[in-house]
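Each chain, letter by letter, is given below.
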Amino acid sequence: MAKGYPQSWDLDVFYEGGSSSPAFLQELKGIEGDIGKLDSALLAEAGTGVSDIAEMTELLQSVLIRLRQSESFVSCLLAQNIRDSAANARNDNVKTLSAKFLGVLTRFDNRLRGLDDGEWKELLADEPLAEVAFNLNERRELAKQKMAPELEALAGDLAVDGYHGWGDYYNLIVSRAKFNDVGKDGEKRTLSAGQMHNRLSDGDREVRQAAFAEWEREWSEQAELCAETLNRISGFRLKLYEKRGWDSVLKEPLQMNRMSEATLTAMWDSIQESKQVLVRYLERKAKLLGVEKLDWHDVEAPIGSATKIIPYDEAAAFIVEQFRTFSPELADFSEAAFREGWIEAEDRAGKRPGGFCTAFPKSGQTRIFMTYSGSASNISTLAHELGHAYHQHVMNDLPGLAQEYAMNVAETASTFAELIVSDRAMKAAAEHDEKLGLLEDKIQRSVAFFMNIHARFLFETRFYARRREGMVSVEELNALMEEAQREAYCDMLGEVHPHFWASKLHFYLTDVPFYNFPYTFGYLFSAGIYAKALKEGSDFKNQYVALLRDTGRMSVEQLAQTHLGVNVEEKDFWRDAVALTAVDVDQFIEMTNE
């Protein structure tokens, strides 16, 4: 087994010097110059021919790639050290450029909208643009549903210090949050949000109870600031939607995820029909823990040997080994990511909570962020984020616009990677307790995607309905969250987490509204893909790559029909995918019979 994988990532390979990097400032200057060139070309009366638009498209994609890389760089700087004031300044620079680019894109889209059908066909017949025909069509059609270009550009400019500014303010709130912890050695410590969050799934119930009480206490202290922030972000969205003539708050997230409302409804309805399967699991888990009902902090509590601490190097070797059973290319890629410092996993103070994978498309690399403490859940997170990284890896040679895949299909690749690891680990486990721990960890993902994510979706849907009437107070937010959690978990919880809306970063992300249902889509869609992989054997890895490469240039309905031969607007596909959980729960019940 390889030893000594770095647990801190290497960002200097992109721009040496971190938040003070001269190379990064030069990159931003170059991006700004090219945005200016595009702007001038689009504002000019001349340059309206098909060949001119083709040239603009090429430059636009170059800017897109470099801007995405810049956004990733600052997000990594802020995640690794939430008190890096220089990184906050660079983040503001990037957001300003993004707003300018958004204005240029709006004018570009309007130019596309202005072409007659003959000119449009001529444009798409141009060989370099044929690869992004889907994306250009998508932009043209969406332009017809928005405000006038100058108003869209104005909204983007105002969003920098308004809409996005509130999102950045939430990061400041998180950086100031401090959690008091008493370790098993009796020593008092002050933990960051990321470190404290790991305590919530500790194998010792007393540790979890104390951690959850402290978690709720601190977020209740920050709740007024969080409520103000959430209200302002949602208020901006609602006003923008109103000016565009959009009635539904789901219009933008559905469009961004390239899926229909019929698909979303079929998915949630199929899940709702099957929740009694998970109720059986929650009832049995409560019995195993010796409680009448599970409290919030009990839901993710480990069962079986999953409580053991697994060293980082051992986890890395395990993941690579399991990936190799499916695809040598996936395994080699992941091993290189561990070896070359693509992963920030160190358990230290000052980091933001959560985990993510972000792309550096100009350099053809990715970076993964998490806080590794040795749990089975941490291994799942690592596999999940490596799935994201591989997805980007197989798309690096595509044009910039064709790399812009949606969140729901991004979650497909990551969840597929998790399934590989959990399934192979289950088969390899020899001891009862080890197998039980792995099985329980697998079921936990179903609970997360069918119940936890559903609670977030219910909360956010109802919150926006209430926000149309005015500002929503902390007390109302807590009540909405508690109602959503009890409904989504079929009233199987004792103590719930009323301040979850304050603690969860996803509610405050201004670039992606409704950062919830795409996770569930990805989980179930990947289950269907995984079933196909098991059926077809080693040959499927090439089909899998072909599917991933199309994720940035097809709707999810087209993707499912083309690569899986299924209609995701109907319940049959979703029911079959959800039914796989029943097999795991039945096995869990059997293994835990007294």
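Keep in mind the model is a prediction, meaning the values are calculated, not measured.

Q: Could you give an account of the nonpolar core, naming the residues involved and the relevant values?
A: The biggest cluster of nonpolar side chains holds 191 residues, and the ones touching the most others in it are Phe323, Phe338, Phe459, Trp501 and Phe517. For Trp501, the contacting residues outside a window of four places in its chain are Ala223, Cys226, Ala227, Leu230, Phe459, Val474, Leu477, Asn478, Met481, Phe507 and Tyr508.

Q: Kindly report on the environment of Ala410, identifying the contributing residues and their values.
A: When you line up the elements, Ala410 lands in helix H17 (residues 407-428). Each C-alpha atom of the pair Ala410 and Val182 lies 38 Å from the other, and the pair is 228 residues apart in sequence. Apart from residues lying up to four places away in sequence, Ala410 is in contact with His388, His391 and Tyr405.

Q: Describe the packing of aromatic side chains, with residues and values.
A: If you walk through the whole model with that rule in mind, you get 41 aromatic pairs. With 4.3 Å between their ring centres and 25° between their planes, Phe416 and Tyr544 make a pair best called stacked. Of this pair, Phe416 sits in helix H17 while Tyr544 is found in helix H22 (residues 540-549), placing the two residues 128 residues apart along the sequence. Comparing Phe416 with Tyr544, the two get one shared label, buried. One Lys or Arg, Arg140, reaches over the ring of Trp120 and ends 4.5 Å from the middle of that ring.

Q: Which residues make up the packing of helix H16 (residues 376-393) against H17, and what values go with them?
A: It is at 7 Å that the axes of H16 and H17 come closest, and there the two elements cross at 130°. Relative to H17, the element H16 is oriented oblique. Remark: the crossing between H16 and H17 carries right-handed chirality. For the pair formed by H16 and H17, the contact residues are Ser380, Ala383, His384, Gly387, His388 and His391 on the first element and Val409, Ala410, Glu411, Ala413, Ser414, Thr415, Ala417, Glu418 and Val421 on the second. Across the contact of H16 with H17, the residue classes break down as six nonpolar, seven polar and two charged.

Q: Any details on the sheet that holds strand E4 (residues 356-360)? Residues and values, ideally.
A: With respect to topology, three strands assemble into an open sheet ordered E3-E5-E4, the strand pairing being mixed. In this open sheet, the two strands that pair with only one neighbour each are strand E3 (343-344) and E4. Of the strand pairs in this sheet, E4 and strand E5 (residues 365-369) are connected by five bridges, and their pairing is antiparallel. Paired with Phe360 across the two strands is Gln365, which belongs to E5.

Q: Account for the pattern of salt bridges, with residues named and values stated.
A: Tallied over the entire structure, the rule returns 43 salt bridges. The salt bridge involving Asp584 is made with Lys442; its shortest N-O contact spans 3.6 Å. Of this pair, Asp584 sits in helix H24 (residues 571-591) while Lys442 is found in helix H18 (residues 432-467), placing the two residues 142 residues apart along the sequence. The same class applies to Asp584 as to Lys442, namely buried. A salt bridge links Arg462 to Glu487; the shortest N-O distance between them is 2.8 Å. One end of the pair, Arg462, is in helix H18; the other, Glu487, is in helix H19 (residues 474-488), and 25 residues separate them in sequence. Taken together, the shared-partner salt bridges connect Arg205, Arg208, Asp295 and Asp298 into one network.

The rules behind these values
- Residues numbered from 1 in each chain as written.
- Predicted model: local features only at pLDDT ≥ 70, side-chain atom pairs only at ≥ 80, totals over all residues.
- Heavy atoms only, no water.
- Core = buried A, V, L, I, M, F, W, Y, C linked by side-chain atoms within 4.5 Å.
- Buried < 20%, exposed > 50% of the residue type's maximum accessible area, 1.4 Å probe, protein only.
- Contact = heavy atoms within 4.5 Å.
- Helix = DSSP H or I, 4+ residues; strand = E, 2+ residues; numbered from the N terminus.
- Phe/Tyr/Trp six-rings, centres within 6.5 Å; stacked < 30°, edge-to-face > 60°.
- Lys NZ or Arg CZ within 6 Å of the ring centre and 35° of its normal.
- Axes fitted to C-alpha atoms, helices over the stretch in contact; angles between N-to-C directions.
- Parallel < 35°, antiparallel > 145°, perpendicular 65-115°, else oblique.
- Left-handed = near helix turned anticlockwise from the far one by under 90°.
- Nonpolar A, V, L, I, M, F, W, Y, C, P; charged D, E, K, R; others polar.
- Pairing = 2+ DSSP bridges.
- Salt bridge = Lys/Arg side-chain N within 4 Å of Asp/Glu carboxyl O.

Function-wise, these values are silent; they only describe arrangement.
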